[in-house]
Amino acid sequence: MTNDGPTYAPPPSSADRLSARELLALVLGRDAVQAPGVADGGPWPAGGTLLPPPLQLFVLSFLMLFVELALIRWSGALVIFLSYFSNFVLLGSFLGIGIGFLRARSRVNLFPWSPVALALLILFVRAFPVEVIRSGHQLLFFGSGTFHASGPPPWVTLPVVFLAVAAVMATIGEGVARTFVRFRPLDAYRLDIAGSIAGIAAFSLLSFLDAKPVVWALIVALVMLLLFGRRVGLLQVTAVVALVMLLWSESLSSTDIWSPYYRISYTKAGDQYAVNVNGIPHQNIIPARKLQLVYSLPYQHAPGNPLNNVLIVGAGTGDDVANALLKGAKHIDAVEIDPELYQLGKRLNPDHPYQNPRVSVHINDGRAFLERTHTKYDMILFALPDSLTLVAGQSSLRLESYLFTLQAMEAAKAHLNPGDGLFAMYNYYRTTWLRDRLADTLEVAYGHAPCADNEGFSLSMLSITVNPSVMHCSTIWPRPANVVPPATDDHPFVYLDGNSIPSLYLITLGLILLASIVLVRTVSGPYRRMSGYLDLFFMGAAFLLLETKNIVQFALLFGTTWFVNALVTAGVLVSVFAAVEVSRHVVFRRPALLYAALLAALIVAWAVPPSSLLSLSPLPRFVLAVIIAFAPIFLANMVFAQRFRDTADSGTAFGANLLGAMVGGILEYASLVVGYRWLLVFVAVLYGLAFLTGYRHLRIAGPIAARTPQPAAQSRSSTTSP
């Protein structure tokens with residue numbers, strides 16, 4: 001008897017059925033999702049990665065810092081808002097890494113998602129770049145002037161980028177954290193710092209070589225595949241390939257030049273070139289005979305000037321240098337901070353000014369050059385030195401900030417010949433108050449009002465001489481009723497109208513804090529987990545401010561170049577490493593004494609402002625600057641290391657410290673109100689709070705050799721909301 005109806009196959013047995021866990025493991029890699037109760041042994045359980053645990057932690061830390069630096073550098077080049085708010089990428093990084101460390105013992109492992117999150121972030125920025133739309137006029141995006149941009153508005157772009165960066169760094173940070181907790185706290189911290197130093201060194205080398213982002217992507221891809229090893233999954237391989245291809249296509253499809261500061265692009269129109277940096281119209285390469293009249297005004301205002309020695313700061317692609325040669329300058333010191341802009345001008349400028357034997361080129365920061373040279377000049381020109389970018393991810397300082405302070409104008413005056421030396425500065429001062437502020441700065445420095453000449457599109461020239469009798473101009477600057485006081489070396493925010501935090505910053509920072517509070521609670525569990533590490537939270541906030549203060553201090557003393565910034569950041573990490581090494585072998589029986597020594601070092605740093613060292617020759621200036629700047633950093637990390645060595649849960653403790661650093665990044669904006677010197681007071685207050693909240697831990701410590709690594713299954717975190 002046959003059955004002509006439909007037949008049904010028996011359900012598969014449990015041995016034949018592919019479970020959801022197995023399917024996810026196939027896509028993400030084996031053991032990406034751990035069974036409850038399985039001890040976690042790093043980003044992958046034992047036997048997954050090809051690296052031994054110490055090297056694994058070193059490489060993971062290298063990856064974490066390398067990706068952070070690359071995101072700050074690359075995202076700022078494609079989204080103009082981040083050229084001025086790159087601190088937001090840093091804050092997102094600290095938030096993400098902190099969340100990753102708080103999840104160090106969670107059941108679901110997010111590290112396998114790191115290449116996916118990174119590829120999606122790059123895809124978003126590539127799909128929605130934010131660049132200035134050129135309107136056809138000679139326009140430079142300068143200061144806070146209005147402009148028209150492509151892409152989403154800032155209230156869309158900034159939150160998306162912030163959250164995406166936090167997601168990327170959370171997945172990588174969790175990979176670091178899962179390995180971190182396998183070691184004694186100070187041993188783990190030591191490996192983490194060593195890997196971070198290697199990350200800075202590698203990225204600095206690539207900056208020196210002007211490597212394109214595809215090179216960064218290849219390094220990240222290779223390191224990720226090395227870390228995944230035999231546990232690599234299909235989705236990870238796909239994401240890594242997509243990551244490389246996205247940045248490879250960007251490199252192949254454009255003529256972009258990547259300098260240590262900018263993404264530079266240029267277009268030709270007849271015998272002229274328009275040069276953009278980070279998507280912003282920046283300068284034009286124009287034959288000297290076609291330059292606007294305003295460029296010739298300094299030479300007309302001082303007709304008897306012999307022009308034996310001329311200094312041009314902000315030489316760029318060479319237009320101002322070519323014009324000075326045309327006017328008869330016998331020798332020119334051309335100072336330009338960006339080596340690629342200089343090379344572009346050397347190659348494309350039709351007047352070939354940089355090939356002229358009368359020109360000496362100096363790739364340096366303008367203020368630093370003024371502090372080091374002993375030459376007297378007949379004319380000094382500040383030729384549109386607007387950098388359009390910040391010094392570093394954790395600072396509100398722009399590259400040219402120290403060029404426009406009162407002390408900088410006094411330094412320029414000191415290098416002018418006393419008889420007929422002339423100083424001039426010109427730019428597209430898009431607001432009247434900014435031009436008036438700079439004119440007032442010149443009047444205070446020289447003792448009399450400068451000449452003020454205006455040409456279309458807000459282009460203005462301010463010129464002044466040591467001897468007023470040799471100046472010939474028709475328009476003396478008329479002082480208005482209200483003028484913003486001159487910027488100073490301690491408060492070098494020349495584009496800030498008064499000592500205040502702009503409302504856009506306040507709103508954005510408030511939203512960042514709110515998002516951070518919600519994300520940490522939702523993703524990482526109750527805040528009470530961190531209650532025992534409140535002192536480490538305050539230490540993190542204080543240390544970020546201390547690091548920012550030192551980066552800014554060395555920018556004033558030795559220049560705002562990328563190289564100085566990289567050396568200072570590396571020096572900070574070396575100081576941290578030294579403090580960890582000492583703490584691994586030496587136990588301070590009375591840790592409170594370290595707080596007292598730290599307070600004393602902060603008082604010394606307050607008593608000796610950086611500007612007081614500018615009069616010293618380079619060697620003693622360097623020695624004293626290192627002692628004053630790095631003594632507090634070393635002592636601060638001795639305080640941290642002595643406390644961190646006894647933590648019961650190093651992942652949660654380090655996560656609390658990183659979240660504190662994020663709050664410190666927000667507090668850095670207080671410098672817009674009080675100046676950088678007062679950040680030392682904030683640092684002292686925060687370390688005082690750390691002392692008070694961690695007082696119960698200030699006891700006689702036992703020998704560290706007696707400590708053993710904490711069990712891997714101890715103190716698992718909950719990732720569910722109450």
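Focus: the overall build of the chain
Each helix and strand in the chain was counted, giving 23 helices and 11 strands. Partitioning the intrachain contacts of the chain with sequence separation of at least 6 by distance along the chain shows that 80% fall at a separation of at least 24. Accessible area for the chain stands at about 27,600 Å²; split by element, carbon and sulfur atoms hold 66% of it.

Thoughts on the sheet that holds strand β3 (residues 272-277)
Strand order in the open sheet made by the four strands is β1-β2-β3-β4, with antiparallel pairing throughout. A strand with exactly one partner marks an edge of an open sheet, and here the two such strands are β1 (257-258) and β4 (280-285). Strand direction decides the pairing type here: β1 and strand β2 (residues 263-269), joined by two bridges, are antiparallel. Note that in β2 the partner of Trp-258 across the bridge is Arg-263. The strands touched by helix α12 (residues 339-348) are β1, β2, β3 and β4; relative to β2, the strand with the most contacts, the crossing angle is about 20°.

What about the environment of Trp-678?
Note that Trp-678 resides in the loop between α22 (671-674) and α23 (679-693). Sequence separation between Trp-678 and Trp-606 is 72 residues; the distance between their C-alpha atoms is 8.3 Å.

Observations concerning the nonpolar core
In terms of nonpolar packing, the biggest core is built from 147 residues, with Val-67, Leu-71, Leu-118, Val-168, Tyr-189, Trp-216 and Phe-644 touching the most fellow members. At 16 residues, the largest contribution of residues to this core is made by helix α17 (residues 534-558). In this view, Val-168 contacts Val-67, Leu-71, Ala-117, Leu-118 and Leu-121; residues no more than four positions away in its chain are not counted. In this structure, Leu-291, Leu-297, Val-321 and Ala-334 belong to the second largest nonpolar core, which totals 32 residues.

Details of helix α15 (residues 432-446)
In this model, α15 (15 residues) spans 21 Å end to end at C-alpha, consistent with the 21 Å of a helix rising 1.5 Å per residue. Looking one or two places after α15, you find Gly-447, whose phi comes out positive at around 90°.

As for the pairing of strand β6 (residues 332-336)
Regular strands have side chains that alternate between both faces of the sheet. Burial of β6 is extensive: five of the five residues sit out of reach of the surface. Residues Ile-332, Ala-334 and Glu-336 point to one face of β6 and Asp-333 and Val-335 to the other, with burial holding for every one of them. Judged from the four bridges that link them, strand β5 (residues 310-313) and β6 form a sheet pairing that is parallel. Pairing of Ile-312 across the sheet is with Ala-334, part of β6. A crossover links β5 with its parallel partner β6, the connecting element being helix α11 (residues 319-326), and its sense is right-handed. Of the strand pairs in this sheet, β6 and strand β7 (residues 359-363) are connected by five bridges, and their pairing is parallel. What sits directly across from Ile-332, in β7, is Val-359. Crossover β6 to β7 through α12 is right-handed.

Focus: the state of the cysteines
With the rule as written, the count across this model stands at one disulfide. The side chain of Cys-451 participates in a disulfide bridge whose partner is Cys-473; the two sulfur atoms lie 1.8 Å from each other. A torsion of -80° about the S-S bond marks the disulfide between Cys-451 and Cys-473 as left-handed. Here Cys-451, found in strand β10 (residues 451-455), pairs with Cys-473, found in the loop between β11 (459-465) and α16 (503-524); they are 22 residues apart in sequence, far enough to count as distant. Assessed through its relative accessible area of 1%, Cys-451 is described here as buried.

A look at the pattern of salt bridges
Applying the stated criterion across every chain, the model contains 15 salt bridges. Between Arg-435 and Asp-436 there is a salt bridge; the shortest N-O distance is 3.3 Å. With a relative accessible area of 8%, Asp-436 lands in the buried category. The structure contains a network of salt bridges with shared partners spanning Arg-184, Asp-187, Arg-190, Glu-581 and Arg-584.

Some points on a nonpolar patch on the surface
On the surface, Leu-225, Val-232, Val-237, Val-241, Met-245, Trp-248 and Leu-252 cluster together into a nonpolar patch covering about 590 Å² of accessible area. In terms of residues, the nonpolar patch owes the most to one element, helix α9 (residues 234-252), which gives five residues. By the element assignment, Leu-252 lies in helix α9.

Observations concerning the environment of Val-466
With respect to the helices, strands and loops of the structure, Val-466 is situated in the loop between β11 and α16. Once the C-alpha coordinates of Val-466 and Gly-447 are considered, the two residues, 19 residues apart in sequence, prove to be 8.9 Å apart. Residues contacting Val-466, with those up to four places away along its chain left out, are Lys-413, Leu-416, Asn-417, Pro-418, Gly-421, Tyr-446 and His-448.

Some remarks on the confidence of the model for the chain
Across the chain, pLDDT averages 82, with 83% of residues at or above 70. Residue range residues 1-21 is modelled with pLDDT below 50. Its contacts to residues more than four positions away, or to other chains, number seven contacts. For residues 700-722, every residue scores under 50 in pLDDT, and the model assigns this stretch 54 contacts once sequence neighbours within four places are set aside.

Reading guide: rules and limits
- Residues numbered from 1 in each chain as written.
- Predicted model: local features only at pLDDT ≥ 70, side-chain atom pairs only at ≥ 80, totals over all residues.
- Heavy atoms only, no water.
- Helix = DSSP H or I, 4+ residues; strand = E, 2+ residues; numbered from the N terminus.
- Contact = heavy atoms within 4.5 Å.
- Areas by Shrake-Rupley, 256 points an atom, 1.4 Å probe, with all protein chains shown as cover.
- Pairing = 2+ DSSP bridges.
- Axes fitted to C-alpha atoms, helices over the stretch in contact; angles between N-to-C directions.
- Core = buried A, V, L, I, M, F, W, Y, C linked by side-chain atoms within 4.5 Å.
- Buried < 20%, exposed > 50% of the residue type's maximum accessible area, 1.4 Å probe, protein only.
- Expected span 1.5 Å × (residues − 1).
- Right-handed = clockwise from strand over helix to strand, strands pointing away.
- Disulfide = S-S within 2.5 Å.
- Salt bridge = Lys/Arg side-chain N within 4 Å of Asp/Glu carboxyl O.
- Patch = residues over 30% accessible without salt bridge, like charges linked within 9 Å, V, L, I, M, F, W, Y side chains within 5 Å.
- pLDDT = per-residue confidence, 0-100.

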